[in-house]
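If you want the building blocks of each chain, they are given just below.
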Amino acid sequence: MNPMVEFCVSNLANGSQKTFEELERDPNLDVLEYGCLSYCTKCAESFFAVVNGDVVQADSPDELTKKIYAYIDENPLF
C-alpha cells in the first residue's frame, strides 16, 4: 500500500500544481485530486495536501513537496 496524497483542485489552481506533478511521477505514491477537500481556510491561506489523512501545509510548492516527503518518512504506513 502506497502513501496517499490528496489535493484540492482549487489549491492546485493557486499554485500547488507543481507539487502535484512532481509527486505524481513517484511510483511509490498514490496522488489524487478532488474538487474540494473541505479545508477552505487552509486552501485560501497556503499550499496544502492531505497525506494519509493529515494536512501538510507550506508557504511554497517546493516547500510543500519537501514537507510531504518528510511527513511520509516520519510516519510510515507499516
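Look up a bit, the structure's there.
Treat the numbers as computed from the prediction; the structure is a model and nothing was measured.

### A look at unusual backbone geometry
Phase 1: Positive phi values are uncommon outside glycine, yet S38 reaches one of about 65°.
Phase 2: Relative to the helices and strands, S38 is located in the loop between strand 2 (30-34) and helix 2 (40-45).
Phase 3: Even without being a glycine, N52 presents a positive backbone phi close to 50°.
Phase 4: Relative to the helices and strands, N52 is located in the loop between strand 3 (47-51) and strand 4 (54-58).
Phase 5: With relative accessibility at 28%, the residue N52 sits in the partly exposed group.

### Side note on the sheet that holds strand 1 (residues 4-8)
Phase 1: The mixed open sheet is built from four strands, whose spatial order is 2-1-3-4. With partners counted over all chains shown, the strands left at the sheet margins are strand 2 and strand 4, one partner each. Here the average twist between neighbouring strands, direction ignored, is 30°.
Phase 2: Across the face of the sheet, helix 3 (residues 61-74) comes into contact with strand 1, strand 3 and strand 4 while running at roughly 145° to strand 4.

### Overview of the packing of helix 1 (residues 9-24) against helix 3
Phase 1: Their axes nearest at 8 Å, the elements helix 1 and helix 3 cross at an angle of 40°. Considering their axes alone, helix 1 and helix 3 lie oblique with respect to each other. Read as a crossing pair, helix 1 and helix 3 show a hand that is right-handed. Touching G15, S16, K18, T19, E22 and L23 of helix 1 are P61, D62, L64, T65, I68 and Y69, all from helix 3.
Phase 2: Here the contact of helix 1 with helix 3 is composed, by residue class, of five nonpolar, four polar and three charged.

Thresholds, definitions, all that
- Residues numbered from 1 in each chain as written.
- Predicted model: local features only at pLDDT ≥ 70, side-chain atom pairs only at ≥ 80, totals over all residues.
- Heavy atoms only, no water.
- Helix = DSSP H or I, 4+ residues; strand = E, 2+ residues; numbered from the N terminus.
- Buried < 20%, exposed > 50% of the residue type's maximum accessible area, 1.4 Å probe, protein only.
- Pairing = 2+ DSSP bridges.
- Axes fitted to C-alpha atoms, helices over the stretch in contact; angles between N-to-C directions.
- Contact = heavy atoms within 4.5 Å.
- Parallel < 35°, antiparallel > 145°, perpendicular 65-115°, else oblique.
- Left-handed = near helix turned anticlockwise from the far one by under 90°.
- Nonpolar A, V, L, I, M, F, W, Y, C, P; charged D, E, K, R; others polar.

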